[in-house]
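Take a look at the letters that make up each chain.
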Amino acid sequence: FSGAEPSDEAMMGMPAAYADISPSAYVEVGLPLGLELGTYLPFVVAQNDDGHARFVSYGGGDGEFALGKRVLRGSVALSVAAAVKVPLYADRSDERVASYGGYGTRFPAAGDGQVDLDGRLSLGSSLRAGTLPMWVQGSVGYRHRTGDFVDGLPWSAQVGASPAGASGARGWAGLESA
């Protein structure tokens, strides 16, 4: 799950440089009655590097599970959703401190370790640019955080295209800002 090779100078108060990569699986499944089930399952590889040692952690991150309901269908679609974000990892901070002493606190966490509850409202539409099928979508919501962090107002905006869509083949490309 983690490993390090700290030097004697590693704890001299030098700030650590943080880096991570988090590939993830995201799946949405349409259900009867206009319902949709969504999952987001990240795998996190994170490191703190203080110039003398590299502290690396890897494993599951904070997964998200959502259930949405379409409430308006037409040229514009509107949906509401409820989601829960849960840690997909064990808190190993005590174990790391026992194994590595003060160095154990330098291993980055795979997430914030708390459960979040979200309510979201999403609005989207399909459109065409010539023969290119495209879409736009935006969402806004409320996030209740059960731990030390304050609640928030998450939002996102997407625009995308299906380059292979005109030929009948499946394909997509999109941009998202959150």
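Residues numbered from 1 in each chain as written. Predicted model: local features only at pLDDT ≥ 70, side-chain atom pairs only at ≥ 80, totals over all residues. Heavy atoms only, no water.

1. As for the environment of Ser156
Thinking step 1. Looking at where Ser156 falls in the secondary structure, it is placed in strand β10 (residues 155-161).
Thinking step 2. With 19 residues separating them along the chain, Ser156 and Gln137 place their C-alpha atoms 8.2 Å apart.
Thinking step 3. Side-chain polar atoms of Ser156 contact the side chain of Ser139, separated by 2.9 Å. (Helix = DSSP H or I, 4+ residues; strand = E, 2+ residues; numbered from the N terminus. Polar contact = N/O pair within 3.5 Å; in protein donor to acceptor, adjacent residues only side chain to side chain.)

2. Quick notes on the pattern of salt bridges
Thinking step 1. For the coordinates displayed, the defined rule picks out 10 salt bridges.
Thinking step 2. With its nearest N and O atoms 2.8 Å apart, the salt bridge here joins Arg106 to Asp50. Here Arg106, found in the loop between α1 (93-100) and β8 (116-129), pairs with Asp50, found in the loop between β4 (35-49) and β5 (54-60); they are 56 residues apart in sequence, far enough to count as distant. The burial state of Arg106 is the same as that of Asp50; both residues are buried.
Thinking step 3. Taking the shortest distance from any N to any O, the salt bridge between Asp116 and Arg145 comes out at 3.3 Å. (Salt bridge = Lys/Arg side-chain N within 4 Å of Asp/Glu carboxyl O. Buried < 20%, exposed > 50% of the residue type's maximum accessible area, 1.4 Å probe, protein only.)

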